Amino acid sequence: MDRFSVFCRTEAGDRMMAEPKGSGDRLTRSVLEAVDGFSTVGELVTRLKDGKSVQRALTELERAGLIETLDARMARVAEQEARWLRGDETPARVEPREIAQSSPAAADPAPTAADKRKQTADARRLERALGSGSQASIFDKIRVFFGTLGHRAVSGGGKGGDKIRRGLMIVLALLIVGGLGAAVAALAWQASTLRQRVEQDAANWLGEPVKVGRVGVAFHPWPVFELGDIQIGEGGTSHIDRAFGGPDWFRWVTSQPQRLRVALNGGSLQPSLLARLSGLESPGRVWRLKEVQVDALSVPVGKAVIADLSGAFLFSGDGKWESARLKPKEVAVTYELQVQDGNILASVIAPEFKYGETKLDNVLISGRMGLNGMDDAQFSANWLGGAIKGVVSLDFLSRVAVKGQFKVDALSFDQLAALMDTQSLVSGRVSGPMTLSGEADSLADLASASKWTGNYAIADGSINRIDLVEAMRRSGNAPISGGVTRFNVMEGTVVREPGKGVRLEIRRLDAGALSASGRVQVDTEGVVRGALRSEVKTPVERIVRLFSVEGTLKTMQLRPQGE
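This section reports on the structure supplied with the text. Please read all numbers here as calculations on a predicted model, not as lab measurements.

1. Brief notes about the overall build of the protein chain
A count of helices and strands for the protein chain gives 14 helices and 24 strands. Looking at the 563 residues of the protein chain, the share that counts as buried comes to 41%. Intrachain contacts of the protein chain at a sequence separation of at least 6 include 48% that bridge at least 24 residues.

2. What about the nonpolar core?
Counting 102 residues, the largest nonpolar core has Phe313, Trp321, Phe379, Trp383, Ile388, Tyr456 and Met490 as its most contacted members. When residues of this core are assigned to their parent elements, the largest contribution, seven residues, is made by strand S7 (residues 287-301). Met16, Val35, Leu44 and Leu61 belong to the second largest nonpolar core, which has 16 residues in total.

3. Brief notes about the pattern of salt bridges
Between side chains of opposite charge, pairing is possible as soon as their charged atoms come close. The tally for this structure, following the rule as stated, stands at 24 salt bridges. In this structure, the salt-bridge partner of Lys359 is Glu352, at a minimum N-O distance of 3.6 Å. Here the salt bridges do not stand alone but share partners, grouping Arg533, Glu535, Lys537 and Arg542 into one network.

4. Quick look at helix H12 (residues 271-278)
What H12 keeps buried is the set Pro271, Leu273, Leu274, Leu277 and Ser278. On an axial view of H12, the arc spanned by its buried residues comes to 155°, and they lie on one face.

5. Re helix H4 (residues 51-63)
Compared with the 18 Å implied by 1.5 Å per residue over 13 residues, the 18 Å span of H4 between its first and last C-alpha is a close match. Considering only its buried residues, H4 is in contact with strand S1 (7-9), helix H2 (26-34), helix H3 (41-48) and strand S2 (67-69). Immediately beyond the C-terminal end of H4, within one or two residues, lies Gly65, with a positive phi of roughly 80°.

6. Some details on the environment of Asp36
By the secondary structure assignment, Asp36 is in the loop between H2 and H3. Judged by its relative accessible area of 19%, Asp36 is buried. Engagement of the side chain of Asp36 in a polar contact is seen with the side chain of Ser39, the distance being 2.9 Å.

7. Quick word on the packing of H2 against H4
Two numbers describe how H2 lies on H4: the axes approach to 9 Å, and their chain directions differ by 80°. The angle between H2 and H4 falls in the class roughly perpendicular. Between H2 and H4, the residues in contact are Leu27, Thr28, Val31 and Leu32 and Ser53, Val54, Ala57, Leu58, Glu60 and Leu61, respectively. Residues belonging to the contact of H2 with H4 are distributed by class as follows: seven nonpolar, two polar and one charged.

8. Structural notes on unusual backbone geometry
Non-glycine residue Asp229 carries a positive phi angle of around 55°. Its place among the elements puts Asp229 in strand S4 (residues 223-232). Take Asp229: its relative accessible area is 39%, and that puts it in the partly exposed class. Of note in this structure, Asp308 is not a glycine but carries a positive phi near 55°. Structurally, Asp308 is set in strand S8 (residues 304-315). Judged by relative accessible area, which is 29%, Asp308 ranks as partly exposed.

9. Side note on the packing of aromatic side chains
Scanning all chains against the criterion turns up five aromatic pairs. When the centroid spacing of 5.6 Å and the interplanar angle of 50° are considered together, the rings of Phe313 and Trp321 count as tilted. Each member of the pair, Phe313 as well as Trp321, is classed as buried. Centroid distance Phe406 to Trp452: 6.4 Å. Interplanar angle 40°. Geometry classified as tilted. Of this pair, Phe406 sits in strand S15 (residues 400-412) while Trp452 sits in strand S17 (residues 450-464), placing them 46 residues apart in sequence.

10. Side note on the pairing of strand S19 (residues 484-497)
Here twelve bridges tie S17 to S19, and the two strands are oriented antiparallel to one another. Residue Ile458 lies in a different strand from S19, and its bridge partner there is Met490. Across nine bridges, S19 lies against strand S20 (residues 501-511) in antiparallel orientation. For Val494, the partnering residue across the bridge sits in S20 and is Leu504. The loop that links S19 with its antiparallel partner S20 comprises three residues; one of these, Gly499, has a positive phi angle of about 80°.

Conventions we followed
Residues numbered from 1 in each chain as written. Predicted model: local features only at pLDDT ≥ 70, side-chain atom pairs only at ≥ 80, totals over all residues. Heavy atoms only, no water. Helix = DSSP H or I, 4+ residues; strand = E, 2+ residues; numbered from the N terminus. Buried < 20%, exposed > 50% of the residue type's maximum accessible area, 1.4 Å probe, protein only. Contact = heavy atoms within 4.5 Å. Core = buried A, V, L, I, M, F, W, Y, C linked by side-chain atoms within 4.5 Å. Salt bridge = Lys/Arg side-chain N within 4 Å of Asp/Glu carboxyl O. Arc of directions from axis to C-beta. Expected span 1.5 Å × (residues − 1). Polar contact = N/O pair within 3.5 Å; in protein donor to acceptor, adjacent residues only side chain to side chain. Axes fitted to C-alpha atoms, helices over the stretch in contact; angles between N-to-C directions. Parallel < 35°, antiparallel > 145°, perpendicular 65-115°, else oblique. Nonpolar A, V, L, I, M, F, W, Y, C, P; charged D, E, K, R; others polar. Phe/Tyr/Trp six-rings, centres within 6.5 Å; stacked < 30°, edge-to-face > 60°. Pairing = 2+ DSSP bridges.

Now the structure itself:
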């Protein structure tokens, strides 16, 4: 049994209480006396100090129809009130025990229409229903009052109430239509002079000529001004297909400066216009921008065009541009712009970016936005199973150009070598500083056109297809191929140039008793040339041998050159 349930005595229970105390079980009568309509089961158990017996007695009293839950009483009262409001005849109250014992033959005959017409309204019927049996709390009466009030407002009053509600709905509809009509009329009256005012105010603010092709009133979704074919700058270098905006009605009526929300649909904004906008002061006291929502907007940055952008430009309380957040529809990239001291700080956030045949994850580029790209931007990403971060400059003036200095950490050298067209030469995890530079016609071609240079350190790796340990054991001048040279550390420099292949210099290779140094050149056709100096130190001797490296990446071999 729920400890938070509340029980009330029924009329049968009240009659039993009027009987002499000697009748009935003593515990049952004590529980019946304790039921008062607002004490919970838990409170009754605490008061009578016998949990199991009290709950068993409550169950028996409820089954006998002497008590009922407060929720059951309220439901029955609400049903009686609803029938009374509908004009139906309310039958005499029947207790739950009496309902179970009644039979169809004992039911009262159905009332006639004449009896219903003669029935008088009993305004205190609900109060008597609540007052019968045990006392209801003030909270129950308040709940019933507001429930009845809501019922009467929605469905009460009979046919007269229906007419009143229909009248109110008609009046409300007329008010809405009239308000929309008044708003459209006010906007249309202002639209006749809006073009000239917009052109003049915008030109004075931006410092560039502004031409508006057409002006009208549209629903977006409320009545607003619609401006179309807006040209900004000499020759319309920036243009907006459609713009929507309406006044702040309260500020308009009270003659306060307008805080405008504007929506732009389609168009192109030059970075030069954004740079000019970042250094502008408030447009004036008559109107100020609050937010500009954009859709299908493009921003040409040199050769590259960032197209199909949607998002918002946000302005401060005095009308200065503060920030913007834009996203293209087809690409999972976010562009965030922040204005600081007249400069635009841009952040490019991408969950992934394809570079050649590899993929960078969690890419973040943050730096100052220029007219044709970004200069000295901070760069970080996860790449080839490791991480890369540094400083990068992007220039899209005539071609896609990149320059950067990075530090790589635990990159897979196998995948990096594949990007440099030297796959299967060295395996391991590479770390160290790297420099990147290059330019191409598109971002997709940038990887193959880039030059990589830097110092590297590879730990716990291997050189594939040559075995220096076996080569040191053999005698003679026969070429040696196959096998693997495993090492603890290999350090040196690497240079990868487009059209020239990869040059790998080994300054130090440490493989226990074996050490080596040298250089290896791999051209674009996969032909390998180079020389290695290998040394083995033991407690009794020191052996040094020279080898030439030749062949291809798949058939690489060592040829002894002497000791």
